Amino acid sequence: MEAFFPTHLLDVLVIAITFSFILMALIQKFKTLAWINKSYQIWILNLIFSFAIGIPFAMSFYELNLCDGIWVGVFSFIGAPSIYAALKNQNIINYKPSSVSDVVTLPKENEIKRTDLEK
């Protein structure tokens, strides 16, 4: 396995995947802002946050050097939107249990008659 995928590459990829989940959640919070209304703005935010937060994340939590931190930023820039799209397609992000409904039905025998409305 070492011949195809070096251990160091796998380590950087795992760190980037971990950061991609954090980045995805951060970008989702920024999407709710009023001034974020175009897809290119989200792309720019993703680019900026991938490197501005990804490099210090890799350097401080995993003690990687600057070059490896840049690779974490690159992989998370690619990975965060992909993870979001995969979770959205699996209906995990916008999941609403079928037991939760806006309609409540009551049996007729439990109905409370209001006499003040019958005038």
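Before any of the text, the structure's been laid out above.
What comes next is a walk through the structure. This is a predicted model, so every value here is computed, not measured. (Residues numbered from 1 in each chain as written. Predicted model: local features only at pLDDT ≥ 70, side-chain atom pairs only at ≥ 80, totals over all residues. Heavy atoms only, no water.)

## Quick notes on the packing of helix α2 (residues 39–52) against helix α4 (residues 66–89)
Rules: A fitted line through C-alpha atoms serves as each axis, taken over the contacting stretch for helices, and the angle formed by two N-to-C directions is quoted from 0 to 180°. Per the convention used, a helix needs a DSSP run of H or I reaching at least four residues, while a strand needs a run of E reaching at least two, with both numbered from the N terminus. Should the near helix be turned counterclockwise from the far one by less than a right angle, the crossing is left-handed, whereas a clockwise turn marks it as right-handed. Residues are treated as being in contact if the distance between any of their heavy atoms lies within 4.5 Å. Just so you know the grouping, Ala, Val, Leu, Ile, Met, Phe, Trp, Tyr, Cys and Pro go in nonpolar, Asp, Glu, Lys and Arg go in charged, and all remaining residues, Gly too, go in polar.
Axis separation between α2 and α4 bottoms out at 8 Å; the angle between their running directions is 150 degrees. Here α2 runs over α4; the crossing is right-handed. When α2 is examined against α4, the residues Trp-43, Asn-46, Leu-47, Ser-50 and Phe-51 are found in contact with a partner set consisting of Ile-70, Gly-73, Val-74, Ser-76, Phe-77, Ala-80 and Pro-81. Looking at the contact of α2 with α4, its residues break down into eight nonpolar, four polar and no charged.

## Concerning α2
Each turn of an α-helix holds 3.6 residues, which means side chains three or four residues apart point in the same direction. Which entries qualify depends on this criterion: How far a helix is expected to stretch is found by multiplying one less than its residue total by 1.5 Å. Type-normalised accessible area, obtained with a 1.4 Å probe on protein chains alone, sets the label of each residue: buried when under 20%, exposed when over 50%, and partly exposed for intermediate values. By construction, the arc corresponds to the directions joining the helix axis to the C-beta atoms.
Taking 1.5 Å per residue, 14 residues should reach 20 Å; α2 reaches 20 Å between its end C-alpha atoms and fits that length. Of all the positions in α2, only Gln-41, Leu-45, Asn-46, Phe-49 and Ser-50 are classed as buried. Down the axis of α2, the smallest arc covering the buried residues is 165 degrees, so these residues share one side. Buried residues in α2 make contact with α1 (7–31), α3 (54–61) and α4.

None of this, on its own, says anything about what the molecule does.
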